[in-house]
Each structure stands twice: as C-alpha cells, then as structure tokens.
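# Structural overview for review
As a plain string of letters, each chain reads:
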Amino acid sequence: LLFKPLESINMVIELFPKGIAGFKNFKEIVNMDPEIKDDEDAIEFIEEPDTIEYENVSFKYSDKLILNQLSIKIEQGEKVALVGPSGGGKTTICSLLPRFYDPLQGKIKINDKDIKSYKLESLRKQIGVVQQDVFLFGGTLRDNIIYGNLNATEAEVHYAVDQAQLRTFVDELPEGLDTVVGERGTKLSGGQKQRISIARMFLKNPPIIILDEATSALDVETENKIQSAFKNLSQGRTSLIIAHRLSTIRHVDRIVYVEQGQIQEMGSHDELMNKGGKYKDLYMSQFEQIDEF
C-alpha cells in the first residue's frame with residue numbers, strides 16, 4: 001500500500017522534466033523561421049512546366065563547394081539520368097529544383113522564369129520525389145498511398161496500386177489496403193515501401209518527377225518490378241533520375257556524368273560508350289565487379 005504509490009510518484013518526478021524539455025524543443029521547432037521563403041511578389045505556378053534550366057548554378061555546404069557553375073537545359077517530357085561518383089553533386093542538383101535549398105550563385109528557371117518567382121507551395125505541387133529512404137506513417141496501406149492526394153477516389157487509389165506494381169502484394173494481404181503497415185513501415189520490405197512511394201506519385205500526378213532508384217540493395221525480381229513502375233510513372237513526364245545501377249538507365253534520353261560539381265560528359269548511352277570516357281569506365285567497372293564475383 002505504501003511503496004506502489006511512492007514508485008508512481010517517483011516515475012512522475014522523472015518524466016515531468018523530460019516532458020517539459022521535450023515540449024520546449026517542440027515549440028522551438030514549430031516557431032522556427034524557415035530559410036526558404038516566398039518572395040513578396042511571388043506568383044502562383046499555374047502553367048504547364050515546359051523547360052527546366054540550370055544557369056551557372058553554384059552551391060556549397062558550409063565551406064565545401066558542391067556545384068560549380070553548372071548549366072543544363074531539360075526539355076518537357078525528357079528523361080535525364082544523373083550519374084557519377086558519390087559526392088559529385090547529383091542529389092544536390094535534384095534538391096535545388098523544389099527549393100529545398102537555394103543556389104549560392106546562378107539561377108534555376110522553369111518556363112524561362114526564376115523558380116524564386118513562384119510560390120513555394122505551387123512550385124512543389126509540380127514536382128514529385130521518390131526518395132531512397134521512404135517515410136511511411138503508422139496507419140494502413142490506403143492511408144499511406146492516399147497521402148499523395150488526400151482527395152483521391154477509391155478508383156484512383158486502385159489505379160495507383162496497379163501502376164506501381166503493388167496489385168499482387170495487396171491481393172495477398174488478408175485485409176488488403178486496410179492492412180496496418182507499422183510505424184515507418186516496419187512490416188514492409190524496402191521494395192514494397194518504394195512502390196508505395198511510387199503509388200503516391202501516381203495520385204499526385206506531377207508533371208516533373210525526381211527518382212532516386214536506390215535499387216542496389218534489392219533482389220532482381222523486386223528491382224524489375226520497381227523499374228517497371230518507374231517506367232509507367234515517367235511516361236509523358238519530365239524525369240530526373242539519380243542512377244546507381246547504370247544498367248537501369250540505358251533507355252533514358254540523356255545521361256549526364258557529374259563529377260566535382262560540374263558536368264563532365266553528356267549524351268545517350270551509346271554516344272557515351274562510343275566516346276570512351278568516364279561514363280564508359282564507370283559502366284565497365286560495374287560489370288567487371290560482377291564478373292569477379
């Protein structure tokens with residue numbers, strides 16, 4: 001009768017300062033002023049995206065220069081793959097487009113207008129990102145898919161499931177789309193998480209997509225399903241693809257080899273292989289590793 005209440009009081013005494021400290025941290029984050037803001041005269045992005053142009057773009061993290069006077073123009077509907085060694089600037093190029101960061105120098109334009117002239121929300125509605133590390137909520141499959149478009153109909157959700165190569169997986173589940181996936185998708189494999197992310201993009205239906213394949217850690221069958229889903233998703237859309245396995249991007253319109261923040265080579269797969277430069281060396285090295293194994 002005496003010690004149980006005392007233990008409970010002791011727990012409260014321990015938890016109370018932790019709770020207060022956590023609440024203070026939460027308030028700091030909520031009240032944080034974002035570095036990337038709308039300009040005062042920013043306009044809504046209402047037209048169809050036509051061209052994307054990086055014009056002498058430079059960017060640095062702390063004191064390290066990541067991009068150095070990089071320039072490239074991408075036409076509507078074009079599929080462009082970014083390849084090269086780690087730390088070359090591929091992810092940074094893609095992160096600058098939806099303004100997760102702003103360039104140190106130069107401009108990024110869509111339809112010949114600086115992206116800073118568009119309101120952030122309307123700009124990001126035009127861009128869909130399939131990331132390497134997919135974040136899932138602790139709800140159902142349906143909840144996580146419909147996050148791409150909260151107003152989607154049931155028919156649209158099923159269409160997204162089909163296009164993302166998820167139908168067989170969903171049909172095998174006793175509760176189907178009502179299956180709880182666990183916090184951060186703990187009950188799902190990496191390939192299943194990524195296909196859910198692709199299904200979100202089908203619901204969002206953006207004209208510009210950024211794909212981080214991240215298929216190097218997946219088995220061949222799962223990789224083929226994701227590649228098929230990527231192919232469906234990129235139809236008629238302007239696509240920026242960060243490629244890890246070079247065998248997966250032979251079909252794209254242009255391959256851009258990025259190293260030390262600059263474009264070293266650019267062209268189709270056949271053109272770059274015939275050129276015999278850095279892309280060919282990287283491509284052949286991947287197959288040599290497979291042969292040695």
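The text that follows walks through the structure, step by step, so that each part is easy to find. Keep in mind that what you see is a predicted model, and the values were worked out from it rather than measured.

## Quick look at the sheet that holds strand S9 (residues 254-259)
Sheet architecture is open: six strands sit in the order S6-S7-S8-S3-S9-S10, paired in mixed fashion. Looking at which strands have only one partner, the edges of the open sheet turn out to be strand S6 (127-130) and strand S10 (262-267). Pairs of neighbouring strands in the sheet enclose a mean axial angle of 20°, with direction left out of account. In the sheet, S6 pairs with strand S7 (residues 208-212) via four bridges, with the strands oriented parallel. Note on S7: the bridge partner recorded for valine 130 is leucine 211. With respect to the sheet, helix H7 (residues 190-204) is in contact with S6 and S7, its orientation differing from that of S6 by roughly 170°.

## A few points about the pairing of S9
Among the six residues that make up S9, six are buried, leaving the element largely enclosed by the rest of the structure. Residues Arg254, Val256 and Val258 of S9 are buried on one face, and the alternating residues Ile255, Tyr257 and Glu259, pointing to the opposite face, are buried as well. Bridge count for strand S3 (residues 79-83) against S9 is four bridges, and the pairing is parallel. Following the sheet pairing, valine 80 is matched in S9 by arginine 254. Of the pairings in the sheet, the one linking S9 to S10 comprises five bridges and is antiparallel in character. Opposite valine 258, over in S10, you have isoleucine 263 as the bridge partner. In this structure, the hairpin formed by S9 and S10 is closed by a connection of two residues, where glutamine 260 is found at a positive phi of approximately 55°.

## Some points on the nonpolar core
Of all hydrophobic cores here, the largest spans 41 residues; its most connected members are Ile145, Leu166, Ile249 and Tyr279. When residues in this core are grouped by element, the largest group, six residues, is from H7. Val57, Leu67, Ile110 and Ile210 belong to the second-largest nonpolar core, a separate cluster that totals 28 residues.

## Quick look at the pairing of strand S2 (residues 64-74)
When strand S1 (residues 52-61) meets S2, the two strands line up antiparallel, connected through seven bridges. Across the sheet, lysine 60 pairs through a bridge with leucine 65, a residue of S2. Remark: two residues form the turn of the hairpin made by S1 and S2, two consecutive strands paired antiparallel; serine 62 in that turn has positive phi of roughly 55°.

## Here we look at the sheet that holds S1
Backbone hydrogen bonds are what pair the strands of a sheet, in a parallel or an antiparallel way. Taken in spatial order, the four strands of this open sheet run S2-S1-S4-S5, and their pairing is antiparallel. Looking at which strands have only one partner, the edges of the open sheet turn out to be S2 and strand S5 (113-114). As paired elements, S1 and strand S4 (residues 105-110) share five bridges and run antiparallel to each other. Bridging across to S4, isoleucine 52 finds its partner in isoleucine 110.

Here is what the cut-offs are and how they apply
Within each chain, residue numbers correspond to sequence positions counted from 1 in written order. In view of the model being predicted, local features appear only for residues whose pLDDT reaches at least 70, and side-chain atom pairs are presented and counted only at 80 or more, with totals across whole chains, interfaces and linings using the full set of residues. Each side-chain value is worked out from all heavy atoms of the structure, with water and hydrogens disregarded. The pairing criterion for strands is at least two bridges between them, as found by DSSP. The numbering of helices and of strands both runs from the N terminus, where a helix is a DSSP run of H or I of at least 4 residues and a strand a run of E of at least 2. Note on geometry: axes are lines fitted to C-alpha atoms, helical ones only across the stretch in contact, with angles between N-to-C directions running from 0 to 180 degrees. Any two residues having at least one pair of non-hydrogen atoms within 4.5 Å are treated as being in contact. Partly exposed residues are those whose accessible area sits between 20% and 50% of the maximum for their type, while under 20% is buried and over 50% is exposed, using a 1.4 Å probe and protein chains only. Put simply, buried Ala, Val, Leu, Ile, Met, Phe, Trp, Tyr and Cys residues joined by side-chain atoms within 4.5 Å make one nonpolar core.

Everything listed here is a matter of geometry and, on its own, says nothing about what the molecule does.
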